[in-house]
Every structure is written in C-alpha cells, then in structure tokens.
Amino acid sequence: MERKVKLSIPKWQWDLGRLKKDPEKQFFLLTAFWFTLVVLGGFSDSFYFKESLSPTRSFIKVHGVVYSIWTLFYFIQCLMVASKNVQWHMFIGNLTLLLLILLFLTGYYTILKSAELRANDVKGGTLIEIAIGVSLAFLAIAKRKNDYQHKRLMLAAMTALTSAAVQRLARTYWNFDDNFWLIAGLYFAPLVALVIFDQLYFKKIRYFSLILLALLIFNYFANPHDFIFSTSFGKSLIEILQRLFLWV
Amino acid sequence: MKYFIIALLGVLSFQVVHAQQSLSEIEQHLRQKIEECLVKVYEGQPTAYAEYLADDVVMPEHNLRGKDMIYAMLETWDIPPTDYTVEFFPLVQVDSTYFFHYEVNETSGYKISYVEQWANDDNELKIKSLSIIASEPAMQTSGIGKTRFLISSFGLGIALFLLLMIYKKAIAWKGK
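Because the structure is predicted, anything quoted here is derived from the model rather than measured.

Points about the nonpolar core
Stage number 1. Membership of the largest hydrophobic core comes to 76 residues, with the highest contact counts inside it found for Phe27, Trp70, Tyr74, Leu103, Leu127, Leu155 and Leu191 of chain A.
Stage number 2. If you tally residues by element for this core, the top one is helix α9 (residues 180-202) of chain A, at eleven residues.
Stage number 3. Those residues in contact with Tyr74 of chain A, other than ones at most four positions away along the chain, are Phe28, Thr31, Ala32, Phe35, Met154, Leu155 and Met158 of chain A.
Stage number 4. Formed by 32 residues, the second largest nonpolar core is a distinct cluster that contains Leu64, Leu91, Tyr102 and Trp118 of chain B.

Here is the structure:
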C-alpha cells in the first residue's frame, strides 16, 4: 500500500493563553530575553557594533553569525512554545541539528585558529565548554518527548554556550576589571533561577536542574581542562584537533 | 701620551656629538614625513600612510602582516576632515632602528596614538612595525559608562521584577 507523505508548512497561530496562565512558559521566555540581551551586550563592542580600526577576520564573522542564529533560535523556540505554535517549534527544531554541527565546527575552528594567529596556547577551557554545551543541546533534542528534561537541558546548553558573552559583558560592555564573582554570578544566574523556580513550581525537590547546575559548577570551578590538557593524551588531542581543523 | 689621549677624547666627543646630531636630523626628517602624511590622511586619503610602510611591516596587536594587509585596513578608515594637533615624543634609537611615538589629538576629542618602529629598507627609512590605538573622547579606563549603566540597570531591574512575579505565580501554581 502506498503511503502518502504530505509536506506542509505548519499552521500558524498566536495564542498567548498558556503563557498568561503557566509560569513555566513565562520563565523560559524570560530566559530567552536574558540570553539574547547578554549576547547582544557582550559582543556589541567586538562584533555587532564594532568600531575598531582593524577589520574582523572572516572566520570570526562566520562564527559570530552562527552563534547569533543559535541564540535567536532559542528565543524563537521559546516564543513558539509560549504562543502555542508547537508544530512550528518542531519544524524549526529540525534545523537546529544542522545548526548545532555548525556551532561545534565554527566554535572549535575559531579557538584553534585564534591560538595559532596569536601564538598562544589553545584555550582548553573553552573547547570543553563548547563540547558540554553542544552535547547538552543534542541530549535535549534526544529528550524532546519529555518536556521537563528537554527544556532544562536546553537552558543548561545555552548557559554553557554563552559563557564567552557573559565574560565580555562584564569586561568590555560594563568595562569592569576581571571580576571573578561578577562573571560567575552572571554565568550561573539562569541555572540558579531555574533551580529555585523548579522547587517553587513543583512543590518538591526536583533533582534534574540541580544536577545540571552541579555539572556546570564543577566544570567552572574545578577546571578539569587544566588537568586534561596537561596530560600527554590531552596534548595529543589538541594536535589532532589542530590537524583536523587547521590542516597543519 | 697626554696629547694622544686628549686627541682621542676629542675624536670620540666629535663622534658622539655627530651621532646626536644625526639622531635629531632623523627625528626632524621623520616628523616632516609624518606631518605631510597626516595632512593627506585628514584630507580623506588614509592610504597615504602606506607610503611609509615597508613591504614586511607588521601590526602585532591586530595580527596584520605585510603592506597589503595594512593597506586594506587603511582603506576601511573613515576619518572626516577635522582640525588636529600632533604631539611628538623624542625619537629613540636602538641599534639601527628608531622608535617613534606621537599622538594626534582631534578637536572632537578623539585621540590616536601611534608607535612606529622605523628601520633602513632599501636605503630609505620605512616603518617595520606599528601600533595604532584610537580612543574616544573622555574614555574611562575602567568602570561602566553612564549610558550603559542606565540601560543595564533598567534591563536588570525589569528582569528581576519579572522573575519575582514568575516566582510568585509558581508558588500559587496548582498544576496543569
């Protein structure tokens, strides 16, 4: 028997009824605004509204565009869920798989190429951060049937992937000196807010968001990248990555 | 012996004085070049600066190497015609290279600081390495600017208020 496959553009609607009632939808939409503004502010001087005398290199432009689209997608996806456009949310979700691959490739290339051009050591911490963020996002997509886990995994992924924006927000947009606790506060703010929200919303201890927070706290404070990339395995890994991405 | 030492000291002194005069002559020469160049730059020809660059010139802080790359950068400069003053700092010689630092102060308050390393390139002094730092008027070295403080405070205030409202609703939430 033939199967008819119908490809159609999802139906569009604008129903904010659920958003008005359900604080969970409101919370995640608020996080969408947060991440968008953090990225916009953090990269305003170096990318979006750059006034430097030197031109931006092409690979940085590509990296910036890809990560901007990712941030925009998070915002749009939260909006789609809030406005009851679930079909659109799933439709756009199919595109995020490709975007995640680009995110990983452009992110790693930027880190490795920048290190090569500046004759600096490769920033292992950022490599780990991107790997965590992309992995959490892939896991979020895999868990898309479970609303609860899907949303929280995506928020954790966004937290990991916007760490560079948070640092630049504090250092360049606000022009503060290197303030460790300010940057840590900004970085963990969305996840801490989520943990508090979950306890209030579900009226019982929900461990999932706590585990995600613990994972990122461990990565942030324990700095496992220092240990990993100081070993011979870690150094070989860097060499392999340089060969793969930079063809050296 | 006494007269030999006096004569030797005389020759050495002459060499030192001559070298000092050479340095000041070179400084005068470079000043004139820069002043002529700045006139053209502020007439809308920023690429006039490239005339003084060696082929293997570098701009380390922006990781630009070679005259072509820096020429391409100069082409992107958009400097409007404006009045300016130039403050030159003494030329410093290290072996056969000369380090030249000067600052251009525009009447708008914009300040551009140039640090150049000049050396002999095909019997002509050319720039081998340069650093250009531009700063806007009344730029703070640290601390947030007033506009950004207001925007950020407003944004963070709104976010915190909305978060508290959401928490309040979450406490009252009885399930779907």
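Looking at the packing of α9 of chain A against helix α10 (residues 207-222) of chain A
Residues and elements named next belong to chain A.
Stage number 1. Closest axis-to-axis distance for the α9/α10 pair is 9 Å, and the angle between their directions is 165°. Classed by the angle they form, the pair α9 and α10 counts as roughly antiparallel. The chirality of how α9 crosses α10 is left-handed. Residues Phe180, Trp181, Ile183, Ala184, Tyr187, Phe188, Leu191, Val192, Leu194, Val195, Asp198 and Gln199 of α9 form the contact with α10, whose own contacting residues are Ser209, Leu210, Leu212, Leu213, Leu216, Ile217, Tyr220 and Phe221.
Stage number 2. Tallied by class, the residues present in the contact of α9 with α10 amount to 17 nonpolar, two polar and one charged.

Overview of the layout of surface pockets
Stage number 1. Considering only enclosed or pocket space, the second largest pocket measures out at about 960 Å³ in volume.
Stage number 2. As for the second largest pocket, its lining consists of 37 residues, and the residues nearest its centre are Trp34 and Leu37 of chain A together with Gly155, Leu156 and Ala159 of chain B.
Stage number 3. Elements represented by at least two residues in the lining of the second largest pocket include exactly α2 (23-42), α8 (163-173) and α9 of chain A together with α3 (146-172) of chain B.
Stage number 4. Top contributing element to the lining of the second largest pocket by residue count: α3 of chain B, with 15 residues.
Stage number 5. Class assignment of the residues belonging to the lining of the second largest pocket gives a composition of 28 nonpolar, seven polar and two charged.

A closer look at empty space enclosed by the protein
Left-over empty space is what a probe sized like a water molecule reveals as it rolls over the atoms.
Residues and elements named next belong to chain B.
Stage number 1. Evaluation of the coordinates by the stated rule reveals one cavity of 30 Å³ or more.
Stage number 2. By volume, the largest cavity amounts to about 30 Å³.
Stage number 3. In this structure, the largest cavity is lined by Ile34, Cys37, Leu38, Val41, Tyr49, Tyr102 and Tyr114.
Stage number 4. Ranked by the residues each element gives to the lining of the largest cavity, the list is headed by helix α1 (residues 2-41), at four residues.
Stage number 5. Of the residues that constitute the lining of the largest cavity, the class distribution is seven nonpolar, no polar and no charged.

Overview of α9 of chain A
Residue and element names in this part refer to chain A.
Stage number 1. With 23 residues, α9 extends 33 Å between its outermost C-alpha atoms, agreeing within 8% with the 33 Å of an ideal straight helix rising 1.5 Å per residue.
Stage number 2. Of all the bends in α9, the largest measures some 50° and sits at Ala189, one to four residues before the proline Pro190.
Stage number 3. The positive-phi residue at the C-terminal boundary of α9 is Lys203, with phi of around 60°.

Cut-offs and rules
- Residues numbered from 1 in each chain as written.
- Chains lettered and ligands numbered in written order.
- Predicted model: local features only at pLDDT ≥ 70, side-chain atom pairs only at ≥ 80, totals over all residues.
- Heavy atoms only, no water.
- Core = buried A, V, L, I, M, F, W, Y, C linked by side-chain atoms within 4.5 Å.
- Buried < 20%, exposed > 50% of the residue type's maximum accessible area, 1.4 Å probe, protein only.
- Helix = DSSP H or I, 4+ residues; strand = E, 2+ residues; numbered from the N terminus.
- Contact = heavy atoms within 4.5 Å.
- Axes fitted to C-alpha atoms, helices over the stretch in contact; angles between N-to-C directions.
- Parallel < 35°, antiparallel > 145°, perpendicular 65-115°, else oblique.
- Left-handed = near helix turned anticlockwise from the far one by under 90°.
- Nonpolar A, V, L, I, M, F, W, Y, C, P; charged D, E, K, R; others polar.
- 1 Å grid on protein atoms, 1.4 Å probe; cavity = no way out; pocket = protein on both sides within 12 Å on 5 of 7 lines; lining within 4 Å.
- Points joined across faces, edges and corners; volume = space filled by probe spheres on them.
- Expected span 1.5 Å × (residues − 1).
- Bend = angle between axes of the 7 residues up to and from the residue.

Coordinates in, geometry out; function isn't part of it.
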